Amino acid sequence: MDLLTAADVRLMQGLAQRIVATRLDLVNSDASVGELAWNWGRNHRLYNATWPRRLWFAGDDLVAWGWAQLPRQVRLRDGSAREVTDAALTHQVHPDHAGLVDEVIDWFEDVTPGLVRTMILQDADEFALQRWTARGYVVESASDSWTQLNVRELHEIDKPLLPQGFRFRNADEAGTAAVVQAHVDAWPVTTYNADAYADLRATPPYRGDLHVLVEAPDGTMACSAVMWLDEVNKTAEFEPVGTHPDFRRRGLGRALLLHGMHVARDAGATQMTVACLGAAEHPNARGLYYSVGFRYFSHDIALHHP
């Protein structure tokens, strides 16, 4: 099996950029420029040995790819471990080469014999959905973990307002320890650490000035958001966004998002995207994003093969 490399990720991001230019609704939430960088950058040191991949080309252009995540043990910061026993697929097929989806399915099944398989598609990808279901994959209609994509233009952005004593920072200013702690505080059940952040910083298109935070009067980083700028399409993506539990429901997340969009616009973006859980059981993040002007654009569909 060929394992995923940093060079592969850049090619995959290039395909995402070409699809975004004409069919943003076909880029699933695992295959965007920012999501690919986030998942590769912070995790490859730990899990790359369980990440086979295959690439399909038309001439010199990448037109489809598959990235399988095989069973593995996830060891968390608190010392506990979680066993992942199924196989997950992240993939993307250019709409002009839609027929390659059958080769992606064949490859995924070849590298995951005997395993339960899971993957996602965008709702708009009707051809791919028909091909996957014809091969025995079942839509997880009862799942409450599906993801929706939200989008907004950056023409007009409200002024961000912070409580007295709070201030905006970026990752270059805050430093590694504070940036890592901000993430850990927002997501305590995580493998994230200084090594993961160092790897993330080395993953294009990461920029420390587009990694924004709110610092509390006591020096705690109350919330943070990484933004990923796609210079080709002049769009930027929030991934991830998180707030320290002691600082929630104070308007800090809203202020950070508004501030981030001003920063992204100054960097050349004209459009912003962010993904969140879409089910009714998960209203908080969705409501936050709607409050700063985002609107629903598309959503994914989860499938599995028992």
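Nothing here was measured: the structure is a model prediction, and the numbers come from that model.

A.B. asks: Explanation requested: the overall build of the chain in the structure shown.
C.D. replies: If you tally the helices and strands in the chain, you get nine helices and 14 strands. Relative to the 2.2 N^0.38 estimate, which gives 19 Å for 306 residues, the radius of gyration of the chain is 19 Å and therefore close to what a compact globule would have. Based on the C-alpha atoms only, the size of the chain along its principal axes is roughly 60 × 45 × 40 Å. Counting across all 306 residues of the chain, residues that qualify as buried make up 53%. Taking the intrachain contacts of the chain between residues at least 6 apart in sequence as the baseline, contacts between residues at least 24 apart amount to 72%. Averaging the locations of the 28 positively and 40 negatively charged side chains of the chain gives two centres separated by 5 Å.

A.B. asks: Sorry if this is basic, but what is going on with the packing of aromatic side chains here?
C.D. replies: Aromatic ring pairs are reported here in terms of the distance separating the ring centres and the angle at which the planes meet. What the rule picks out here adds up to nine aromatic pairs. Their ring planes at 45° and their centres at 6.0 Å tell us that Trp40 and Trp51 sit as a pair that is tilted. Here Trp40, found in helix α2 (residues 33-47), pairs with Trp51, found in the loop between α2 and β1 (53-58); they are 11 residues apart in sequence, far enough to count as distant. On the accessibility criterion, Trp40 (6% relative accessible area) is buried. Between Trp51 and Trp67, the ring centres sit 5.0 Å apart and the planes meet at 75°, which makes this aromatic pair edge-to-face. Placement of Trp51 in the loop between α2 and β1 and of Trp67 in strand β2 (residues 61-69) is noted, with a sequence separation of 16 residues between them. What makes Trp51 buried here is its relative accessible area of 3%. For Trp67, a relative accessible area of 3% corresponds to the buried category. Put simply, the rings of Trp40, Trp51 and Trp67 touch in pairs and so form one group of aromatic residues. The residue whose ring lies beneath Arg72 is Tyr47, and the NZ or CZ to ring-centre distance is 5.6 Å.

A.B. asks: In this structure, what is going on with the pattern of salt bridges? I would like to understand it.
C.D. replies: Any two side chains of opposite charge can pair, so long as their charged atoms come close to each other. By the definition in use, this model includes 15 salt bridges. Across the pair Arg45 and Asp199 runs a salt bridge whose closest N-O atoms are separated by 2.9 Å. One end of the pair, Arg45, is in helix α2; the other, Asp199, is in helix α7 (residues 194-201), with 154 residues separating them in the sequence. Asp102 serves as the salt-bridge partner of Arg135, at 3.8 Å between the closest nitrogen and oxygen. In this pair, Arg135 sits in the loop between α4 (126-134) and β7 (138-139) while Asp102 sits in helix α3 (residues 101-111), placing the two residues 33 residues apart along the sequence.

A.B. asks: Is there a simple way to think about the environment of Leu36 in this case?
C.D. replies: Here Leu36 lies in helix α2. With 27 residues separating them in the primary sequence, Leu36 and Val9 have C-alpha atoms 6.9 Å apart.

A.B. asks: Any chance you could explain α7 here in plain terms?
C.D. replies: Since the α-helix turns once every 3.6 residues, residues separated by three or four places project in the same direction. Buried within α7 are the following residues: Ala196, Tyr197, Asp199 and Leu200. Across the axial projection of α7, the buried residues extend over an arc of 160°, all falling on one side. Structurally, the start of α7 carries an N-cap: the backbone nitrogen of Asp195 is 3.1 Å from a side-chain oxygen of Asn193.

A.B. asks: Before we go on, may I ask you to explain the pairing of strand β8 (residues 147-153) in this structure?
C.D. replies: Each regular strand displays side chains that alternate between the two surfaces of the sheet. The buried fraction of β8 is high, at six of seven residues. In terms of strand pairing, β8 meets strand β13 (residues 271-277) through seven bridges, oriented antiparallel. Paired with Val151 across the two strands is Thr273, which belongs to β13.

A.B. asks: Any chance you could explain the UniProt feature "domain: N-acetyltransferase" (unreviewed entry) in the chain here in plain terms?
C.D. replies: UniProt annotation of "domain: N-acetyltransferase" (unreviewed entry) refers to residues 166-306 when read in the numbering used here. As annotated, residues 166-306 has a helix share of 33% and a strand share of 33%, and its two end C-alpha atoms lie 50 Å apart.

A.B. asks: For this particular structure, what's the right way to read the environment of Glu140?
C.D. replies: Position of Glu140 among the secondary structure elements: in the loop between β7 and β8. Along the sequence, Glu140 and Ile301 sit 161 residues apart, while their C-alpha atoms lie 7.5 Å from each other. Excluding its chain neighbours within four sequence positions, the residues that come into contact with Glu140 are Thr118, Ala302, Leu303 and His304. In this structure the side chain of Glu140 is engaged in a polar contact, spanning 3.4 Å, whose partner is the side chain of His304.

A.B. asks: It is not clear to me how unusual backbone geometry should be interpreted in this structure. Could you clarify?
C.D. replies: In terms of backbone geometry, most residues other than glycine have negative phi values and most peptide bonds are trans. Cis peptide bonds are those with omega within 30 degrees of zero, and the linkage from Pro204 to Pro205 qualifies with 5°. Relative to the assigned elements, Pro205 resides in the loop between α7 and β10 (211-215). With omega at 0°, the peptide bond leading from Glu239 into Pro240 counts as cis. Locating Pro240 in the fold gives a position in strand β12 (residues 235-243). One non-glycine residue, Lys234, adopts positive backbone phi at about 55°. Along the polypeptide, Lys234 turns up in the loop between β11 (221-230) and β12. Of note in this structure, Arg249 is not a glycine but carries a positive phi near 65°. Structurally, the position occupied by Arg249 is in the loop between β12 and α8 (252-266). Accessibility expressed as a relative area gives 79% for Arg249, which makes it exposed.

What counts as what
Residues numbered from 1 in each chain as written. Predicted model: local features only at pLDDT ≥ 70, side-chain atom pairs only at ≥ 80, totals over all residues. Heavy atoms only, no water. Helix = DSSP H or I, 4+ residues; strand = E, 2+ residues; numbered from the N terminus. Rg over C-alpha atoms; globule rule 2.2 N^0.38 Å. Buried < 20%, exposed > 50% of the residue type's maximum accessible area, 1.4 Å probe, protein only. Contact = heavy atoms within 4.5 Å. Lys, Arg positive; Asp, Glu negative; His and termini not counted. Charge placed at Lys NZ, Arg CZ, Asp CG, Glu CD. Phe/Tyr/Trp six-rings, centres within 6.5 Å; stacked < 30°, edge-to-face > 60°. Lys NZ or Arg CZ within 6 Å of the ring centre and 35° of its normal. Salt bridge = Lys/Arg side-chain N within 4 Å of Asp/Glu carboxyl O. Arc of directions from axis to C-beta. Polar contact = N/O pair within 3.5 Å; in protein donor to acceptor, adjacent residues only side chain to side chain. Pairing = 2+ DSSP bridges. UniProt positions renumbered as here; feature names shortened; annotations may be inferred.

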